[in-house]
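The primary structure of each chain is shown beneath.
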Amino acid sequence: MGFFGVRAKLYAPKEEVDLGPQSKETYLRANVKAPRMAGIVIKISVWLLESWIIGPIAKYILKRDNLIHKLISFAGQIESPWFVPLHPSKDHQEQETKSIQSDLTPPERVEQAMDCLPPCPEKIAASTFTFRRWTIRDYSGAYLSGETTPTMVVERLLVAVKQSLEPNLQMGFFIKQDTEDILKQATESTLRYERGQPISVLDGVPIAVKDEIDCLPYPTTGGTTWLHKVRPCKRDACCVQHLRSCGAILVGKTNMHELGTGISGINPHYGVTKNPYNIKRICGGSSSGSAAVVAAGLCPVALGVDGGGSVRLPAALCGVVGFKPTFGCISHIGALPLNWTVGSIGILAGTVEDALIVHAAISDHPVQSELAYSPPRVEFPQLKSTSSISNIKLAKYSEWFNDSHEEIRSCCDQALTRLSGHYGWKTVEVTLPDIEAMRLAHYLTIGSECTTSLGRHLVTSNVKQFGWDTRVAMSIYGAFNSKEYLNSQRLRRRQMYFHKEIFKKADVIVTPTTGVTAYSIQSDALETGELDYINGASLVRYMIAGNFLGLPAITVPIGYDKQGLPIGLQFIGQPWGEATLLHLAFATQAICMKNYRDPEVFFNLLKE
């Protein structure tokens, strides 16, 4: 019995835990004890949580009832903390890769990536596909052939965005666009094509940027109405610089959940970003706008930031590819420091090939001030082969895998059966202990880092500038203490040990991407935002290892539920195993894309 009657968990030494399929470890399902909050309920909750007398009691009860005290605060552990999920070495070999020199420029890296790709899809009969989004190579090919120009594409894009704001849609894609700047970029790109001197295949390709990443001439709001006033944007983020150097057209700052504190994409300041597959549904967060613009055909690629599944989650709900590389693979300079040890810049794309091209452009290793070591040499997957890489073993923890909606579970199982039949991949049954404890430890970590990062501004800012949902989140984050943060880092080390042991048995871990598909947007959340911790736990169920442990992960669309909402399959890889993940995602895409469906809202920018 622990503090104030809390029965705290005593964790066994990590080396003694059985990770095999016959393990006696018990899978603990998320049992969230918190109501959905929106409208008047969320306002009352804010009053209670911000009260000097009632607030501490309410926060104590929330932590106790949601097992934070049992699994984190007072738990007995023997591991020392692991604060930053850095992986200085690569202890595995990948199949069919191409090593890339570290001193190449972004356009040169893009050229190397292009050499790894199979023939352009335009050479495949159109009847092969039910639906196919335009790709980076489609745009480049149309420009080179004179079929269209970057200026014409951008003009269509601006018209499409205007249409998306009409009363019958109100899609909420962007927080800010600068028409003059966008047209200037397009004109410069058009002139380069006219001279026969495009910089790279990305020249003239429209790419959107989450409003958590610095991109001139825009302020970086983080989905707030005030942050850009106290932290002005003075220069492009490193990843944006690299895209610009390749000739890409940066077409605006996409909408996001305020400060990344939620997973719905409902922002009371800038409006809800609606799902292009069903505008009555959420598209997920926090990189909501970036997922939606790709799904709706406005951009073949967009940038997001993934701190708790914030790239992969909306990608899966919107039926696109979401790719989060290893922690430290992409420089975080120029992204809002909302957290330091769990967030990574990620890529949302219509296809795996496009994710690889942009990954090549922006995966420049950070400067020494960011990392205290030299990361392993970059490798790109050789996707030219018509057959997938062989002898792949997929680790599957069935109890965890099956903790998803029946339609998702069935769709993912069918995909695994097809992958096994087509490529001969094998599924290896494993046990991953303490999944729920890891989710809570991640929540404590990201919440603590967010309030610490914003601490000075939180003290001096007017609390009424925040959305009601963000005020609730910040109140809860502020209740976490140093003991809980340190114990969370001890759990982080423990979980990394378990995952490394799993990777001795398999190449990757496979899961559904989310436990549920996109849920409905409710009217009471439009003004106040919402906190739906029960649906939230289902959406982030398979997200955490990628962020908390710094592992690379990718989601690829594989099908739809009975309501036509997209379903994704996720691969979680070993540190610096991006090439293998892209290989597996490409192979999965190859057997699923013939059945891809067009969204309810889609804009065709390459055709009049």
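This one's a predicted model, so the numbers in the text were calculated from it and none came from an experiment.

**Q** Summarise the side chain of arginine 471; cite the residues concerned and give the values.
**A** Positionally, arginine 471 belongs in helix 17 (residues 468-477). We classify arginine 471 as buried; its relative accessible area is 11%. Those residues in contact with arginine 471 that sit more than four places away from it in its chain are Val46, Glu50, Val463, Lys464 and Phe466.

**Q** Give a description of the sheet that holds strand 11 (residues 344-349) that names residues and reports values.
**A** The eleven strands are arranged 2-4-3-9-11-10-16-17-15-13-14 in an open sheet whose pairing can be described as mixed. One side of each edge strand has no neighbouring strand; the edge strands of this open sheet are strand 2 (174-176) and strand 14 (426-429). For this sheet, the mean inter-axis angle between neighbouring strands, taken without regard to orientation, is 35 degrees. Bridging between strand 10 (residues 321-324) and strand 11 involves three bridges; their strand directions are antiparallel. Looking across to strand 11, one finds that glycine 322 is bridged to leucine 348. Contacts from helix 22 (residues 578-592) reach strand 10, strand 13 (393-396), strand 15 (508-512), strand 16 (553-560) and strand 17 (566-572), with the element oriented near 10 degrees to strand 16.

**Q** Lay out the environment of threonine 224 with the relevant residues and their values.
**A** Looking at the secondary structure, you find threonine 224 in the loop between strand 3 (206-210) and helix 8 (227-230). A polar contact is formed between the side chain of threonine 224 and the backbone nitrogen of tryptophan 226, at a distance of 3.3 Å.

**Q** So what's going on with helix 6 (residues 150-164)? Which residues, and what values?
**A** Taking 1.5 Å of rise per residue, 15 residues should cover 21 Å, and helix 6 covers 21 Å from first to last C-alpha, within 8% of that figure. The complete set of buried residues in helix 6 reads Pro150, Thr151, Val153, Val154, Arg156, Leu157, Leu158, Ala160, Val161 and Ser164. Looking at the buried residues of helix 6, the elements they touch are helix 5 (136-145), strand 2, helix 7 (179-194), strand 3 and strand 4 (249-254).

**Q** Summarise the pattern of salt bridges; cite the residues concerned and give the values.
**A** For the structure shown, the criterion picks out 25 salt bridges. With a shortest N-O distance of 3.7 Å, aspartate 115 and lysine 98 are connected by a salt bridge. Residue aspartate 115 is found in the loop between helix 4 (106-114) and helix 5, and its partner lysine 98 is found in strand 1 (residues 97-99); the two are separated by 17 residues along the sequence. According to the relative accessible area criterion, aspartate 115 is partly exposed, its value standing at 38%. When the shortest N-O distance is used, the salt bridge between lysine 210 and glutamate 212 registers 3.0 Å. What you see here is one network of salt bridges that share partners, running through Lys9, Asp434 and Arg494.

Here is what the cut-offs are and how they apply
Residues numbered from 1 in each chain as written. Predicted model: local features only at pLDDT ≥ 70, side-chain atom pairs only at ≥ 80, totals over all residues. Heavy atoms only, no water. Helix = DSSP H or I, 4+ residues; strand = E, 2+ residues; numbered from the N terminus. Buried < 20%, exposed > 50% of the residue type's maximum accessible area, 1.4 Å probe, protein only. Contact = heavy atoms within 4.5 Å. Pairing = 2+ DSSP bridges. Axes fitted to C-alpha atoms, helices over the stretch in contact; angles between N-to-C directions. Polar contact = N/O pair within 3.5 Å; in protein donor to acceptor, adjacent residues only side chain to side chain. Expected span 1.5 Å × (residues − 1). Salt bridge = Lys/Arg side-chain N within 4 Å of Asp/Glu carboxyl O.

Everything listed here is a matter of coordinates, which is why it stays silent on function.
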